[in-house]
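Now for the letters of each chain:
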Amino acid sequence: MGSATKAERIRRPKGAMARLLQRRMAVFGLVLIAIVVAGAVLAPWIAPFSPDEQHFDGLTIEGAPLPPDARFIMGTDLLGRDLFSRVLYGARTSLVIGIVANGVALLIGTLVGITAGYFRGWLGAVLMRFTDLMMAFPALLLAICLAAIFQPSLWIVAMVIALVNWVQTARVIYTETTSLATRDFIAAERTLGAGTGRILFRHILPHLVPTIIVWGTLGISTTVLLEATLSFLGVGVQPPTPSWGNIIFENQTYFQSAPWLVFIPGAVIILLALAFNLVGDALRDVLDPTQRGRG
Amino acid sequence: MIPAAQAMEPTTGAVTAPVLRVQGLTVSVQTEDGLRPLVSELSFVVRRGETLAIAGESGSGKSITSLAIMGLLPPPAVRVTGGQVMLGETDLATLPESRMRAVRGDRIAMIFQEPMTSLNPVMTVGTQLIEAIRAHEDVSRSAARARALEALRAVRLSQPERRMTQYAHELSGGMRQRVMIAMALALRPEVLIADEPTTALDVTVQREVLDLLRDLQREMGTAIILITHDMGVVAEMADRVIVMQNGRMVEEAATKDLFARPREAYTRDLLAAVPRMGAGVAQAEKPADAPVARLSDVVVRFGLKGGVLGRVVQNVHAVEHVSFDIRRGETFALVGESGCGKSTIAKAIVGLVPHQGRIEIAGQALEGLDAAGQKAYRRQVQMVFQDPMAALDPRMRVGDLIAEPLAIHGLGGVAEQRARAADLMARVGLSADQLDRYPHEFSGGQRQRICIARALALNPALIIADESVSALDVSVQARVLALLRALQDEFGVAFLFISHDMAVVENISDRVAVMYLGQIVELGTRAQVFGNPQHPYTRRLIDAVPVPDPAHQRMAQARLAGEVPSPVHALGAGPERVRLRDVGQGHLVAEG
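So, how was this worked out
Residues numbered from 1 in each chain as written. Chains lettered and ligands numbered in written order. Predicted model: local features only at pLDDT ≥ 70, side-chain atom pairs only at ≥ 80, totals over all residues. Core = buried A, V, L, I, M, F, W, Y, C linked by C-beta atoms within 7 Å. Buried ≥ 20, exposed ≤ 12 C-beta atoms within 10 Å, placed from the backbone. Helix = DSSP H or I, 4+ residues; strand = E, 2+ residues; numbered from the N terminus. Contact = placed C-beta atoms within 7 Å. Nonpolar A, V, L, I, M, F, W, Y, C, P; charged D, E, K, R; others polar. Pairing = 2+ DSSP bridges. Axes fitted to C-alpha atoms, helices over the stretch in contact; angles between N-to-C directions. pLDDT = per-residue confidence, 0-100.

> Explain the nonpolar core to me, and be specific about the residues and the numbers.
If you look at the biggest cluster of nonpolar residues, it comprises 155 residues, and the most contacted ones within it are Val87 and Ile161 of chain A together with Ile402, Leu462, Ile464, Leu496 and Val514 of chain B. Tallying contributions element by element places helix H5 (residues 83-119) of chain A first for this core, with 14 residues. If we ignore the near neighbours within four places in the chain, the residues touching Ile402 of chain B are Ala421, Leu424, Met425, Ile450, Ala453, Arg454 and Ala457 of chain B. Among the nonpolar cores identified, the runner-up in size contains 82 residues, and Leu129, Leu216, Ile227 and Met249 of chain B belong to it.

> Could you give an account of the interface of chain A and chain B, with specific residues and numbers?
Chain A puts 19 residues into the contact, and the matching count from chain B is 25 residues. Those elements that place two or more of their residues in the side of chain A that touches chain B are helix H1 (2-9), helix H10 (184-191) and helix H11 (196-232) of chain A. No other element matches the 6 residues that H10 of chain A contributes to the side of chain A that touches chain B. In terms of residue class, the side of chain A that touches chain B is built from 9 nonpolar, 6 polar and 4 charged.

> Would you mind going over the environment of Val233 of chain B in detail, with residue names and values included?
Residues and elements named next belong to chain B. Tracing the backbone through its elements, the reader meets Val233 in helix H10 (residues 231-237). On the basis of neighbour count, Val233 is assigned to the buried category, with 23 C-beta atoms found within 10 Å. On a C-alpha basis, the gap between Val233 and Gln206 in space is 9.4 Å, while along the polypeptide they are 27 residues apart.

> Lay out the sheet that holds strand S1 (residues 18-31) of chain B with the relevant residues and their values.
All names here are of chain B. Strand order in the open sheet made by the 4 strands is S2-S1-S4-S5, with antiparallel pairing throughout. At either margin of the open sheet sits one strand with a lone partner, and together these are strand S2 (34-47) and strand S5 (90-91). Across 2 bridges, strand S4 (residues 78-87) lies against S5 in antiparallel orientation. Bridge pairing links Leu87 to Thr90 in S5. Of the strands in this sheet, S1, S2 and S4 touch helix H2 (residues 62-70), which is tilted by about 75° from S2.

> Break down the confidence of the model for chain B for me, with residues and values.
Residues and elements named next belong to chain B. Scored by pLDDT, chain B has a mean of 85; 93% of the residues are at 70 or more. Low pLDDT, under 50, characterises residues 1-14; the predicted model gives this stretch 17 contacts beyond four residues in sequence or across chains. Scoring the predicted complex yields pTM 0.79 and, for the interface, ipTM 0.74.

Set out below in structure tokens:
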């Protein structure tokens, strides 16, 4: 029996974490995330300067930002502040947005999608029409309205972003749930007498994990940039608090003469998104038992 | 009307030159561990007007062989790594794709198992036929159209002019396969490869398509390579047979010799596993005590919405006034063709579709139960589905899958549940140390055993097996059927066995009900229904089954493209209700 001999070769299952650590790219991603988190947490000790301090010698005589040198290792921004310190402190804001706001958005999207997709009927119709409405409404406009109603603070901004960003996730999860719900193993589960909660969370949700992970990792860069946009419009994180997004927006007028001001925070955002992507991909494979024993 | 027996004789006495010569064909797949052969060193010839059957179970390489001949192997992983495929003087194995395209369809054509996926859903049948003809021959549109019409007439499709303007989804499965055959034969190819051409079709439709293929072959002299797993089809159609196993030819013989004197052990096993009509073991009459399941006047209808307001305008009458009892420890079979409502009855019994009428399992009625009552009801009836891979959650370990019903009903602690799962694994012939594996690590037959173990976990009164062995290879099927019988003796569970396969039903059932268009037209013990079929539909079903015996003389039958009437009726209207009459000892037959 071919499948049996193949199964024999598969090593006995280890913990998910151990299997994750066997993957080089996943480890690389984890290290990157760890560096960013450490930088954010330890910012007061690592940062050479206060992020808000405007250095007299931080600008050229013409008033232009300084390129990276030994003192300001990432250069200075348009107000003569140390970019490295600002990026470190900005990591705090961006991580909160990228993880909390994105996480809440995923949670709302998954709940709405799975409920509408499994129950269909009037409940599903109401939920999905509402989702369509949210999709048709410009997210930025909505975010501005919400941010204007509440006093802007980091957590409010995170919630605002979560409230506009769950829509795509809901749509995708809805579609997947509708197709999963008609599969035979769900029918089998129902004939066994399983309750709705058991079917939804033990049998449908695990199959949605790959999708949720993909949307989650994609969402990190989207939410970080949405925060940047909001900050730029004055309804996001209030200056002088740094975030990676508002560093880019503040300095984008200097893009030609001082490209590092946009390039460095941009690169950090991409690296963080990439790191989550690598870990997410590996996590998806590790958590999928049908991938076991395959490349 | 030509008696079919005549067609089974080798078409011409004179030995004609081979049309297709396959020599030392080796097809390999590129894996991480290097090349792995799927077909090795296969050699055979096909002559004009001859039918060569390639028989084997799944994974034997029979379909790969046909794709290799057609040059349709999925690139780049699978390719021909040795040997020749000589069509006349051309070696197809080395022919570049651009020249292969001209050969395909023109000199060598293929029909597939699933005609729906082989036809373009957004093109009319006529357009596809015309394009196929014009792709190979430089003829005018109107000439091609005339040829297309002629081809549709040749495959005995009713109303060929109308069919030309229809789309694939408007045709039934049998009609689609006829269109595929028309398309394949429109250019009069030298070789026709038919890959499981009737496997997806109902048995009566299969009969019509097989007759058609044989008649067309006699008219055109096409050589046919028939790829099939069904030894009955082989016996009826083929002049010679190649039996394949694991990519190698096990045996090659004339059909009569193969069935009469199989040389190899594998061939003998394969033939022994084939379910045969009339081979059922006579079983002691089960005591007629209180029934485990009782269906009274069960009706299932699905509304079809239409119109501007989206209101129900038509009903699909899936099940109409069906009543029967299933006794303790017996196997009750429901047979019929696709769309007859047999699976809908199964779904109604387990509560997956709403119904009218009364369904009672172990004295408990399904109607009007609250959530707790439904849960208790479901302990008494379990279901085994057709496709075990689809019916098992691929993300759960087998041990958890088998223990799932126990967990749902809160029976025992985790350790007890696991012990019970291990015990059940052993009962269905698997080993307890496979508990921590996932479904994809098992073969199809083993997966179906897992499903059976899960169904047994709650000690139900009734297990519904909905086409549970239809997707399995015959040798595996025979073992699963034997397992079901053994488990029935051990646990005293009753089976509702739903199948389209008359031979399998004949082998396993105690009593049989034949369904047609949502109603039971004949019901009786196996001996009554198979030994003395009374209803014309039952007789037609039994006669249509291919017999795995080349010497079998088939009765001459009218060959027509029969169409099953639609079960869709306007609101208020409905099919005429059949009345069952007792013709003796509980043998019920529809009147009229």
